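Each chain, written out:
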Amino acid sequence: MIKMATVWWCLEDLLSPEQIVDVTQSLGFAGIELAPKSEWSRVADAGLTIVSHRGHGTLEDCLNVKANHDRIEREILANIELAQTWEVPVLICFSGNRLGMTDEQGAENTTAGLLRVARAAEEAGVVLALELLNSKIDHPGYQCDRTSWGVQVVDAVASPSVKLLYDIYHMQIMEGNIIRTIQDNHQHFGHYHLAGNPGRNEPGYRQEINYPPIVEAIQATGYSGYLGAEFLPSIDPRDALQAARELVR
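It should be emphasised that the depicted structure is a prediction, and the values quoted were computed from it without experimental measurement.

Rules used in this analysis
- Residues numbered from 1 in each chain as written.
- Predicted model: local features only at pLDDT ≥ 70, side-chain atom pairs only at ≥ 80, totals over all residues.
- Heavy atoms only, no water.
- Salt bridge = Lys/Arg side-chain N within 4 Å of Asp/Glu carboxyl O.
- Helix = DSSP H or I, 4+ residues; strand = E, 2+ residues; numbered from the N terminus.
- Buried < 20%, exposed > 50% of the residue type's maximum accessible area, 1.4 Å probe, protein only.
- Axes fitted to C-alpha atoms, helices over the stretch in contact; angles between N-to-C directions.
- Parallel < 35°, antiparallel > 145°, perpendicular 65-115°, else oblique.
- Left-handed = near helix turned anticlockwise from the far one by under 90°.
- Contact = heavy atoms within 4.5 Å.
- Nonpolar A, V, L, I, M, F, W, Y, C, P; charged D, E, K, R; others polar.

Undergrad: Outline the pattern of salt bridges, listing residues and values.
TA: A complete count under the given rule lists 12 salt bridges for this structure. Between Arg119 and Glu122 there is a salt bridge; the shortest N-O distance is 3.9 Å. Of this pair, Arg119 and Glu122 are both found in helix H5 (residues 103–124), three residues apart, which corresponds to roughly one turn of the helix. The exposure class of Arg119 is exposed, given its relative accessible area of 57%. Accessibility expressed as a relative area gives 32% for Glu122, which makes it partly exposed. Between Arg200 and Glu230 there is a salt bridge, with the nearest N and O atoms lying 3.3 Å from each other. In this pair, Arg200 is assigned in the loop between strand S7 (189–194) and helix H9 (211–220) and Glu230 in the loop between strand S8 (226–229) and helix H10 (237–245), connecting sequence segments 30 residues apart. By relative accessible area, Glu230 is classed as buried at 6%. Ionic contacts of the salt-bridge type, sharing partners, join the residues Arg98, Asp103, Asp145 and Arg146 into one network.

Undergrad: Can you lay out the packing of helix H4 (residues 69–86) against H5 for me, pointing to particular residues and giving the numbers?
TA: Where H4 contacts H5, the two axes come as close as 10 Å, and the packing angle between them is 20 degrees. Regarding the angle of H4 to H5, the classification is roughly parallel. Seen from above, H4 lies across H5 with right-handed handedness. Side by side, H4 and H5 meet where His69, Asp70, Glu73, Ile76, Leu77, Ile80 and Gln84 of the first sit next to Asn109, Ala112, Gly113, Arg116, Val117, Ala120, Ala121 and Ala124 of the second. Along the lines of polarity and charge, the residues of the contact of H4 with H5 split into eight nonpolar, four polar and three charged.

In short, geometric facts, not functional conclusions.
So, in structure tokens, the structure goes:
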């Protein structure tokens, strides 16, 4: 059964830390993603899972640049240790922007960077989730912006602890064809995010993504991990989160 998670950064301008934890708990979410480390005790004390944390710093200048690999390896290894201590299942990783390199070179470099830390992640039972992001609107130049490119990388790494973060909002912008993509590639997906498009707001009839059958398609794959509600509420955040929560029952 899919477990739902709220995402801290989406709520921090609307709710206090205490309110984020309380709303997450009271609405039946299982955990919180990307909470600041200073708030981890508060999350854990509420019986919630600290679902995800960044594996390494920066988003634009990352794994697809070999000169970054020493730094990123140190950061990921330190965060794997942290994830073990706090039972964080997912560390989110990023390809970085193209910076003029070809997709082939970027994939080769990203693969090499992830190979350096894959064994440590396996031993710790942590998933390194390479995030798929759109490069049309939110992240111009980002290289891991298509499912096929991401699959090429995780296939080459060939580790059960290196997967893709399939963000439905981002991939709706880049590719569409969401359900078929999930059916054909779910074995490569280790984590999911959702948001409405356009606007990156809550799911519902005011946006174009029809989430109920998408969630059913994810459930049909046997996925039992987390689905992060990574959207910016345009209404009362409690109502917005309740709408997202209703997708998974």
